[in-house]
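# Coordinates in review
Letter by letter, the chains look like this.
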Amino acid sequence: MKDFSEIKEQVKAKIAEVKDGAQLSEFWQSYLGKTGVISGLMKEMKSVPPEEKPLFGKAVNEVREWAQELYSAKQAEIKRIELEQRYERETVDVTMPALKRKPGNLHPLTLVKQQMIEVFAGMGFEIAEYPEIEDDDHNFTRLNVLKDHPSRDMQDTFWLTEDLLLRTHTSPGQIRTMDREKPPIKVLIPGKVFRSDSDATHSPMFMQMEGLVVDKGITLCDLQGMLDQFVRQIFGDGAKTRLRPSYFPFTEPSVEVDVSCFECGGKGCSLCKGTGWIEVLGGGVVNKKVLENCGIDPEVYSGLAFGIGIERITMLKYGITNMGMFFANDMDFLEQFKA
Amino acid sequence: MKILFSWLKDYVDIECAPLELVDKLFGAGFEVEEITYLGQNIEKVVVGEVTSIEKYEGTHLYICHVDCGSFGADNVILTGADNVFKGAKVPAAVVGAKLPGGIEIAPRKMADMMSYGMLCSGGELGIDENWQKGAEVNGILILPEDATVGEDIKKTLALDDYVLDISITANRPDCQSVLGIAREVAAFLNKPLKEPDYSYNCTEVTKPEISVAVDALDLCPRYLGHYIYDVQHFESPMWMKRRLSVCGFASIDAIVDVTNYVLVEIGQPMHAYDLDTLEGKSIIVRRANDNEKITTLDEKERVLTRENLLICDKSKGVGLAGIMGGLNSEIEQKTAEILLEAAKFRRDNVRKTSRALGLHTDAAARFEKGVDEYGVECGMARALNLVQTLGIAKIGNSHFDVSAGEDKGSAVFDVTVSKVNSVLGIDVPQAEIVRILKSLQFGVAENGENLTVTVPRWRTDVENYQDIAEEVIREYGYSHVIPRFLDSAKVTNGGLTFLQDKELAAKKLLCGEGYFEVQTLAMYSPRELDMILFPDNASERTAVELLNPITANLSIMRTVMAPCMINVIADNVKTDHSEGRFFEIANVYLPKSLPLTEPPLERKTLCLGAFGTTPARGAGESFFAVKETLEIFAAANGLEFRFERGECSFMHPGICADIFCGGKKIGQLGKLRYEIVENLNIAEGKKSDLNIIIAELDYSEIERQYKREMKYSAPSGFAKASRDISLLCDKKTLCVEIEDVIKQTSSLCAEIKLIDSFESEKLGTDKKSLTFTLTFADNADITDETADKETDNIVSALNEKLGAIRR
């Protein structure tokens, strides 16, 4: 019987030298492939005496299986090593930023406008939008701002023609709503308005939000009750309102509405100039002449109306002191309003 | 309006402190914008009598011994002033005294000698000649001989007083005066009002030559004139000068001062004409002729029109009605006879004239707000009373009263207590309502709960129950209002509409794509249209113009938003940002024709702007980066945007697309032209590599195409199949053309996806290679044969129509 120990030593030595897949397949070809050394042994079968043939065959197979096992073990080892190498190779700096762009956000005025809309929508107000270019009739006359009345001077108007103008307030929306709907009416009218005024606290274009409620038995008490609700949701649970007399041609009585200072809680601070109160909006009981101008019988119905400056509320909420910031659109400013 | 606290006290016994009064005024609807204490920062300054004075040899100083009463009978005070003399009464700031400007007086050495105090000039006490005679002399203020030694100077000089600057709402012209405010104060303090003295006696002397006629009764519904004579010219008493000085009137001459005094006290502007200058001794109130000229008291010539009301004599204008007198009829030292005028001029006419001429006076301010005829009568009476009591002139017996008969006296109407309370929502007791109205000098006759109200003649703003309700709650106190949450109008359908919802969602989607929402002004200058190279005949040049812009930069309503967006980007480049994305949804204003005959179309526009270079890391900005946003926006809303090669004056000729939706062109997307970037007002170094991408879309049209309804359809579950085709085609062939051919050829091709494109020399300089993955789907499984057959058909169609060859 031929001794295979020499071959086995050779195989052992060779497999130990194998370091990667290429060497491994070289090894396969050298020993286990069709032309390999072990396959070659089978060819010697011819020269083996017939009685030894079974034994010889078995021995060769044993060598083959033995080598095969060595091969498989090596194969597994190399696969493991290669995977490790791949992981090593593919390792990234996980701390490198993934973000290509800063996330954008809504303009602070939109943000606050939307918050305010939500409060009133929750109270059942419909949200209506109307043209920014108005006529004298809707912007003034039917709102009881008569031609010869000095209240026209309260608002510096941009005129386009004798009759057409850039609306100076969202109040014409009251008229447009009442022309189209009958009580009960609960409408909120946000939008851009224009006045020829420009300084740290005025911009020629700014945003207002008009509110109008018309039904039987609406009173000044409803105005305050509703606005109390509004300021609590915008400025926090502790906020309350104070009414004080004012004048708007389209409401009577007219009031300025102050909110208790959310900075100091009413004790007095620089924000509220020591008074404990901050002026936030104007409103009142709808002037009966305005109802009459819209074909609503003031003997049956009454209403309340209010107008809120969105910039004013936004400035108060975020501590912005210059109106110009809203329209300068600097990213350093814009990107602060994540909500 | 400025009012002296002590002046108010002439008419009401005010026992509360000034600050408390300020609070009460505020509660009644009169906001005090500023309250100033006249004696602010003056402490321990007293009346001192100089008992001896000697020159301090070798210096410019004088050594004074000053008796300051309880502040020391012998204070040694050095002064450099030359006007002090023995026995003079002077303001002495003793040790420890404070003066305006933060000055504190301590013993100090002057030329080796100690001085224990300081003698003060008028300027050092913050007063001028209008307040105290001698206040502006070069030296120490010499006080009247009867001043009390040791008395606080604030008392001596009437500086222990407050100025209240009160803002008056437009509905209360009657409160544009000390008396008007006093009426309100008397009401809320529940005190009687002490009316000014309106009494005077006329002599028998008349002046029959005088005639007064009002030709324009529509602009001058009431005109009173009164003849006074034997006019003496002297300085007004100190108290009057001081009161006028606080209100901004310099003292001129007793008679002129009286007219100003009445303006402030009663709220009725007055005018005095030198009768001698009136030709024909006539006053004619008429409209000016076009181009008629008058030189006003400020020595400026004014050119008038038919819209201006002029006070004239027989031949010429002598005063601009309600605004300013004419220089030719000015009161002078020689003036002996005067016609005093008190009138009511139409408020909007005064306002128009005052604005047109840029001439704003105290008189005009009163007339613009409105004066009432009761005030006209009171003003004249009060002026005559003052003329008489001050001994300025004799009151003649020629009185003129021209009236359009508009004033029907006091308005009277009925209201019920319940109607008043129905406005307020609370139950103000009837007795309280009556008390409040009476305190405001309304007449009230009760008949059950019905009240017959007689409105004071000066309250022209009060017409109905709502006005009465306001008077009541103003006095009763707004703190009585009980907040209540809408007992009525409880149930209404509220919330955002479909389109408002969509707009907010669209904005949020864009924020998610890295865009910041901006707000730009709706007006700009035609120069912005030049900036974006619009040709002269571009339809966007037809813009609505403002008749009265505040600046030339904001003179037209925008017709296109791109300039606004370009400016936002330029501003951000200026503030050292290297990349950024912005969007705005706002209106452009498109007139149907000019001049405007109807409101222009307000079209909602979505504008996107992105800028950046192409950095190694980070996103950078490119045409396709912004196109991706638009595709996401469209897909998210179930819309399909089609992009075709487009042209636009401000966009790169090769990088500009027209955008279509539902077969309509809705906008454009492109890269900003280099020559526009070049002209931006930003540092040169920041311009290179700067990509600016702009998209502008008709959002109103997008709104019309939003899908309002959705229907579910079940996924087919049938097998799909995909095939890749690589095409060699002409470089100018557009991707969209290939897609169109594919869609036309194969109805089964459900998706076309460009997965690769390249150009190379090997392909040829006029060629490019495009590789698409085509996915086929049907109401049955797609077999390999079908997919291959469809693909073959597509390839041959592409070859036939576009000359493309499969590689």
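Every value quoted in this text rests on a predicted model; they were computed, and no experiment measured them.

We now examine the domain arrangement of chain A. As far as domains go, chain A holds domain 1 (5-90) and domain 2 (108-334). Computed over C-alpha atoms, the centres of domain 1 of chain A and domain 2 of chain A are 91 Å apart.

Now for the sheet that holds strand 15 (residues 282-287) of chain B. In sheet architecture, strand pairing relies on hydrogen bonds along the backbone and comes in two forms, parallel and antiparallel. Residue and element names in this part refer to chain B. With mixed pairing, the 5 strands of this open sheet are ordered in space as 12-15-18-19-20. Only two strands of the sheet have a single neighbouring strand rather than two, namely strand 12 (211-214) and strand 20 (324-325). Where strand 19 (residues 317-320) lies against strand 20, 2 bridges are found, and the strand directions are antiparallel. Bridging from a neighbouring strand, glycine 319 pairs with glycine 325 of strand 20.

With respect to the secondary-structure elements, glycine 512 of chain B resides in helix 13 (residues 498-512). A sequence separation of 117 residues divides glycine 512 of chain B from threonine 629 of chain B, and the C-alpha atoms of the two residues are 10.0 Å apart.

Our focus in this paragraph is the confidence of the model for chain B. Averaged over all residues, the pLDDT of chain B is 93; the fraction at 70 or higher stands at 99%. Both confidence scores are given for the complex: pTM 0.85, ipTM 0.86.

Attention now goes to the sheet that holds strand 22 (residues 394-403) of chain B. Residue and element names in this part refer to chain B. The sheet built from 4 strands is open, its strands ordered 14-21-13-22 with antiparallel pairing. Here the strands that pair on one side only, and so sit at the sheet edges, are strand 14 (270-274) and strand 22. The mean inter-strand angle of the sheet, taken between neighbouring strand axes irrespective of direction, is 20 degrees. Looking at chain direction, strand 13 (residues 222-229) and strand 21 (residues 338-344) are connected through 7 bridges and run antiparallel. Looking at strand 21, one finds that tyrosine 227 is bridged to leucine 339. Relative to strand 14, helix 6 (residues 254-266) is tilted by about 160 degrees, and along the sheet it contacts strand 13, strand 14 and strand 21. Against the sheet, helix 9 (residues 373-389) touches strand 13, strand 14, strand 21 and strand 22, its axis set at about 10 degrees to strand 13.

Mapped onto the elements of the fold, asparagine 464 of chain B is located in the loop between strand 25 (450-454) and helix 12 (465-476). Placed 11 residues apart in sequence, asparagine 464 of chain B and valine 453 of chain B show a C-alpha to C-alpha distance of 9.7 Å. For asparagine 464 of chain B, the residues in contact, after removing those within four places along its chain, are Lys288 and Lys289 of chain A together with Phe413 of chain B.

Residues and elements named next belong to chain A. Those residues of helix 2 (residues 21-32) that sit buried are Leu24, Phe27, Tyr31 and Leu32. For helix 2, the angular spread of buried residues about the axis comes to 75 degrees, placing them on one side. In helix 2, the exposed residues that point more than 90 degrees away from the buried face are Ala22, Glu26 and Gln29. Put simply, aspartate 20 is the residue that caps the front of helix 2, since its side-chain oxygen is 3.2 Å from the backbone nitrogen of alanine 22.

Attention now goes to the domain arrangement of chain B. Looking at the assigned domains, one finds that chain B contains domain 1 (2-38 + 162-189), domain 2 (43-156), domain 3 (211-403), domain 4 (412-476), domain 5 (498-705) and domain 6 (721-806). Using only C-alpha atoms to locate each centre, domain 2 of chain B and domain 4 of chain B end up separated by 57 Å.

Conventions used here
- Residues numbered from 1 in each chain as written.
- Chains lettered and ligands numbered in written order.
- Predicted model: local features only at pLDDT ≥ 70, side-chain atom pairs only at ≥ 80, totals over all residues.
- Heavy atoms only, no water.
- Domains from an automatic or database assignment.
- Pairing = 2+ DSSP bridges.
- Helix = DSSP H or I, 4+ residues; strand = E, 2+ residues; numbered from the N terminus.
- pLDDT = per-residue confidence, 0-100.
- Axes fitted to C-alpha atoms, helices over the stretch in contact; angles between N-to-C directions.
- Contact = heavy atoms within 4.5 Å.
- Buried < 20%, exposed > 50% of the residue type's maximum accessible area, 1.4 Å probe, protein only.
- Arc of directions from axis to C-beta.
- Polar contact = N/O pair within 3.5 Å; in protein donor to acceptor, adjacent residues only side chain to side chain.

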